[in-house]
Amino acid sequence: MIASARLPTVSGQPAIQVRGLVKAYGSLRAVDGIDLEVQRGQCVALLGPNGAGKTTTTEILEGYRQRDAGDVTVLGVDPGRADRRWRTRIGIVLQQVGDLAELTVRESLAHFAGYYPDPRPVDEVLDRVGLTAKADARGRTLSGGQRRRLDVGLGIIGRPELLFLDEPTTGFDPEARREFWSLIASLRAEGATILLTTHYLEEAEALADMVGVINRGRLVAFDPPHALGGRHTGTTRVAWTEDGAPRSVETETPTALVAELAARMGGEVPNLTVTRPTLEDMYLDLVDDGPGQAQP
Ligand code: ATP
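Cut-offs and rules
- Residues numbered from 1 in each chain as written.
- Predicted model: local features only at pLDDT ≥ 70, side-chain atom pairs only at ≥ 80, totals over all residues.
- Heavy atoms only, no water.
- Helix = DSSP H or I, 4+ residues; strand = E, 2+ residues; numbered from the N terminus.
- Buried < 20%, exposed > 50% of the residue type's maximum accessible area, 1.4 Å probe, protein only.
- Contact = heavy atoms within 4.5 Å.
- Areas by Shrake-Rupley, 256 points an atom, 1.4 Å probe, with all protein chains shown as cover.
- Axes fitted to C-alpha atoms, helices over the stretch in contact; angles between N-to-C directions.
- Parallel < 35°, antiparallel > 145°, perpendicular 65-115°, else oblique.
- Nonpolar A, V, L, I, M, F, W, Y, C, P; charged D, E, K, R; others polar.
- Pairing = 2+ DSSP bridges.
- Near = heavy atom within 4 Å.
- Polar contact = N/O pair within 3.5 Å; in protein donor to acceptor, adjacent residues only side chain to side chain.
- Phe/Tyr/Trp six-rings, centres within 6.5 Å; stacked < 30°, edge-to-face > 60°.
- Lys NZ or Arg CZ within 6 Å of the ring centre and 35° of its normal.
- Salt bridge = Lys/Arg side-chain N within 4 Å of Asp/Glu carboxyl O.
- Left-handed = near helix turned anticlockwise from the far one by under 90°.

Considerations on the overall build of the protein
At step 1: Summing up its helical and strand segments, the protein has ten helices and twelve strands in all.
At step 2: Considered along the principal axes of its C-alpha atoms, the protein spans approximately 75 × 50 × 40 Å.
At step 3: Residues counted as buried form 47% of the 296 residues belonging to the protein.
At step 4: Considering only contacts in the protein between residues 6 or more positions apart, those separated by 24 or more positions represent 68%.
At step 5: Only carbon and sulfur atoms are counted for the fraction: they give 49% of the accessible area of the protein, which is about 14100 Å².

Printed below as a string of structure tokens:
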């Protein structure tokens, strides 16, 4: 809603378009030819091992790093040449943010609200990130998880059309993580586009319309979570008990096998289980844990 109301000239265009993105640090191609498209209103999660190139990719999209090659458009603009107005349309939650230790939570939010043309009311943001009770606490007195909530609050205070979240729930307790997930779901329901990096597969599964897996600077999969890497059509394990002994078979046609078992056994199949690969199984198949690839 927010996005379409403000962007009549570029509605219909993807929020993010990336073609052939390359970024090298010396001989290391940290990003090695990534193509990526994020539609408006989508939540996309980038997964990948440490050093895979997620942060480098994200920071290029945010306009914080220059690319070596490739075409990048974010909200219709090349982030390498973006201006202040473009910057007010995106929200960023970095892995580490600058020090606001001496300001209270409310003062920090009010300070950042001043940078945006149409900020959310500070009290609304306090409520949405669960920091109302800490509004008058100084930054230095917050716990790690509370500090991270403040980071998220600072990221959404400007009512961004596009929100970048770099490992947003690292250090959250399980309850705070669930609360954060509902916050993201509500922002998405309002029309915001969200790109997040995470190491938590269940976070990607809970939040993302599309999951991108980056390995050694390349996008090796980009699918909805239920279909990642062919998960929905891949081999399924069917297990049951027959003649008192456990049996199991891997099959690509589990329904046919279960029907055959039911017919053979004349009804209920004892201890029947049908197990598809989990998101974690597929993810681990797609990545290796080596460092980024050095090029000759
Ligand atoms: P993590 O999950 O650990 O946050 P990541 O996928 O975000 O990892 P990046 O931070 O993008 O990975 O790093 C990709 C590769 O580029 C790594 O090998 C990293 O050491 C290297 N790298 C990143 N920034 C720089 C830099 N400024 N100078 C040199 N090398 C860098």
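Quick word on the packing of helix H6 (residues 144-156) against helix H7 (residues 174-189)
At step 1: It is at 12 Å that the axes of H6 and H7 come closest, and there the two elements cross at 5 degrees. Considering their axes alone, H6 and H7 lie roughly parallel with respect to each other. On the side of H6, the interface is formed by Arg-149, Val-152 and Ile-156, while H7 contributes Ala-176, Glu-179, Phe-180, Leu-183 and Leu-187.
At step 2: Of the residues in the contact of H6 with H7, the class split is six nonpolar, no polar and two charged.

A closer look at the sheet that holds strand E12 (residues 273-275)
At step 1: Strand order in the open sheet made by the three strands is E11-E10-E12, with antiparallel pairing throughout. Whereas interior strands pair on both sides, the edge strands pair on one side only; in this sheet they are strand E11 (245-251) and E12. Adjacent strand axes in the sheet meet at a mean angle of 20 degrees when their direction is disregarded.
At step 2: Bridge count between strand E10 (residues 236-242) and E11: seven bridges; the pairing is antiparallel.

Some thoughts on the site of the ligand
At step 1: Lining the immediate environment of the ligand, one finds 15 residues, of which Gly-51, Lys-54, Thr-55, Thr-56 and His-199 sit closest.
At step 2: Residue Glu-167 places a side-chain N or O atom 3.4 Å away from an oxygen atom belonging to the ligand.
At step 3: Burial of the ligand by the surrounding chains reaches 64%, relative to a free accessible area of 640 Å².
At step 4: Its residues assigned to classes, the shell around the ligand comprises five nonpolar, seven polar and three charged.

As for the pairing of E10
At step 1: Along E10, six of the seven residues are buried, which leaves the element largely enclosed by surrounding structure.
At step 2: Connecting E10 to the next strand, E11, in antiparallel fashion are two residues, including Asp-243 with a positive phi near 55 degrees.
At step 3: As judged from the three bridges shared by E10 and E12, these two strands associate in the antiparallel manner. Bridge pairing in E12 places Arg-237 opposite Thr-275.

Details of the packing of aromatic side chains
At step 1: Applying the stated criterion across every chain, the model contains two aromatic pairs.
At step 2: Ring geometry for Phe-112 and Tyr-115: centres 5.7 Å apart, planes at 70 degrees, overall edge-to-face.
At step 3: Pairing Phe-172 with Phe-180 gives two aromatic rings, centres 6.0 Å apart and planes at 90 degrees, and the pair type is edge-to-face.
At step 4: On the basis of relative accessible area, Phe-180 is assigned to the buried category, the value being 4%.
At step 5: Across the ring face of Tyr-64, the terminal group of Arg-87 is positioned such that the distance to the ring centre comes to 4.8 Å.
At step 6: A cation sits over an aromatic face here: Arg-177 above Tyr-200, 3.9 Å from the ring centre.

As for the pattern of salt bridges
At step 1: Applying the stated rule across the entire model yields 25 salt bridges.
At step 2: A salt bridge links Glu-203 to Arg-177; the nearest nitrogen and oxygen atoms lie 3.8 Å apart. Taken as a pair, Glu-203 in helix H8 (residues 201-207) and Arg-177 in helix H7 lie far apart in primary sequence, 26 residues in all. For the pair formed by Glu-203 and Arg-177, the shared burial category is buried.
At step 3: Look at the salt bridges and you will find they share partners, linking Arg-120, Glu-124, Arg-128 and Glu-190 into a network.

What to know about the packing of helix H4 (residues 105-113) against H6
At step 1: Here H4 crosses H6 at 25 degrees, and the two axes come no closer than 9 Å. Relative to H6, H4 is oriented roughly parallel. Considering only the axes of H4 and H6, their crossing is right-handed. Residues Val-105, Ser-108, Leu-109 and Phe-112 of H4 form the contact with H6, whose own contacting residues are Leu-150, Gly-153 and Leu-154.
At step 2: The class makeup of the residues in the contact of H4 with H6 is five nonpolar, two polar and no charged.

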